[in-house]
Amino acid sequence: MRATIHVWGARGTFPAPGPHTVRYGGHTSCVEVRAPDGTRLILDAGTGLRALGAALGLPAVAVRGTPASSEPPAPALIGLVLTHRHTDHVQGLSHFSPLLSGSHAIHLWCADDSRTAVEPFVRSLLSPPLLPPIRSAGSSLTVHPWPLGGVVHWGDLRVHRMPAQHPGDAAILRIDDAHGPLLGYAPDNELATSVKRDAAAAAWRAQLVSFLRDVPLLLHDAMYTTAELTMYEGWGHSSAAEAAALAHDCGAKRLLLFHHHPDRRDDEVERMAREAGAEAAREGAVYEIGPAT
Ligand SMILES: [Zn+2]
Ligand SMILES: [Zn+2]
């Protein structure tokens, strides 16, 4: 097996807890990629990130303290890549318990194209007046600029980006391992832009298909039904049918519809997926990526 993909949040725009979202979940975008060597890479910091932190069994260390006689263990590494800075992709960061545990070193990159500095933005999310002062037990958070070479190297994984059609200069990500493409991740992306009779849009669509060529797993924005699309042109999101067409064009082996509309009930998500001939990403589900063929 090449990797496991754990979906911690598949909802778009705003958390949507309640009886009608129990099957696909109410937490916003957060996906964990685990490589066989233990490399942990997190894509987006929506509210699902809090549950991921809790699953790591933290912040027990911060509460108990480390016995004085023992050598503190080497911090566990966590890589975190944001596609952009809309609230549904960053809101979980302030309640990510490894930040408090004293036992993790977190490295963060933001793949958006904004010229606004990332580090002050991230620090502001973790500070008053949004929150009380955070008393960290010493976990480190290092915010990196996107590398000049264009690729983030994290353990055995490599993170590539290309611009999405979405307000906020969002990015689409492709994660590779030594065997090639592993995962395409496009939580917020308006594919309808690409059907305009416009040379730039056509070039972008061709670039996207090439960028995602033969990914074993594609997670793509499917906020809207085909009927809703006409009302939301320019809002930066796609329909399930459009996501399915992209998956077909790029040769993705498996498509997971993602970034479900916060008002979409479970049965509606299910129907959209069925009509698109796809699956809907489900919070709490783990998807395995098998050996390269
Ligand atoms: Zn979003
Ligand atoms: Zn967004």
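For the structure itself, look to the data block above.
All values derive from a computational prediction rather than experimental measurement. (Residues numbered from 1 in each chain as written. Chains lettered and ligands numbered in written order. Predicted model: local features only at pLDDT ≥ 70, side-chain atom pairs only at ≥ 80, totals over all residues.)

## Details of the sheet that holds strand β9 (residues 171-177)
Consideration 1: Taken in spatial order, the seven strands line up as β7-β8-β9-β10-β11-β12-β13 in an open sheet, and their pairing is mixed. Both outer strands of the open sheet, β7 (152-154) and β13 (279-280), are each paired with one neighbouring strand and no more.
Consideration 2: Sheet analysis places β7 next to strand β8 (residues 157-163), joined by three bridges and oriented antiparallel. Residue pairing for β8: Val152 is matched across the bridge by Val159. (Pairing = 2+ DSSP bridges. Helix = DSSP H or I, 4+ residues; strand = E, 2+ residues; numbered from the N terminus.)

## Re the sheet that holds strand β6 (residues 140-144)
Consideration 1: Across the sheet, which stays open at both edges, the seven strands sit in the order β6-β5-β4-β3-β2-β1-β14 with mixed pairing between neighbours. The two strands at the open ends of the sheet, each matched to only one other strand, are β6 and β14 (286-289). Going across the sheet, the axis of each strand differs from the next one's by a mean of 20°, ignoring polarity.
Consideration 2: Pairing of strand β2 (residues 30-34) with strand β3 (residues 40-43), which is carried by four bridges, proceeds in the antiparallel orientation. Among the inter-strand pairings, Arg34 is bridged to a residue of β3, identified as Arg40.
Consideration 3: Sitting on the sheet, helix α1 (residues 48-55) touches β1 (3-9), β2 and β3, and the angle it makes with β1 is about 120°. (Axes fitted to C-alpha atoms, helices over the stretch in contact; angles between N-to-C directions. Contact = placed C-beta atoms within 7 Å.)

## What to know about unusual backbone geometry
Consideration 1: Residues Pro128 and Pro129 are joined by a peptide bond in cis, for which omega reads 10°.
Consideration 2: A positive phi angle is found at Thr13, which is not glycine, with a value near 75°.
Consideration 3: Locating Thr13 in the fold gives a position in the loop between β1 and β2.

## Considerations on the nonpolar core
Consideration 1: In terms of nonpolar packing, the biggest core is built from 72 residues, with Val33, Ala243 and Leu257 touching the most fellow members.
Consideration 2: The dominant element in this core, judged by the number of residues it contributes, is helix α7 (residues 240-250), at five residues.
Consideration 3: Not counting residues within four places of it along the chain, the set of residues in contact with Val33 comprises Ala3, Ile5, Leu41, Leu43, Leu157, Ile175 and Leu183. (Core = buried A, V, L, I, M, F, W, Y, C linked by C-beta atoms within 7 Å. Buried ≥ 20, exposed ≤ 12 C-beta atoms within 10 Å, placed from the backbone.)

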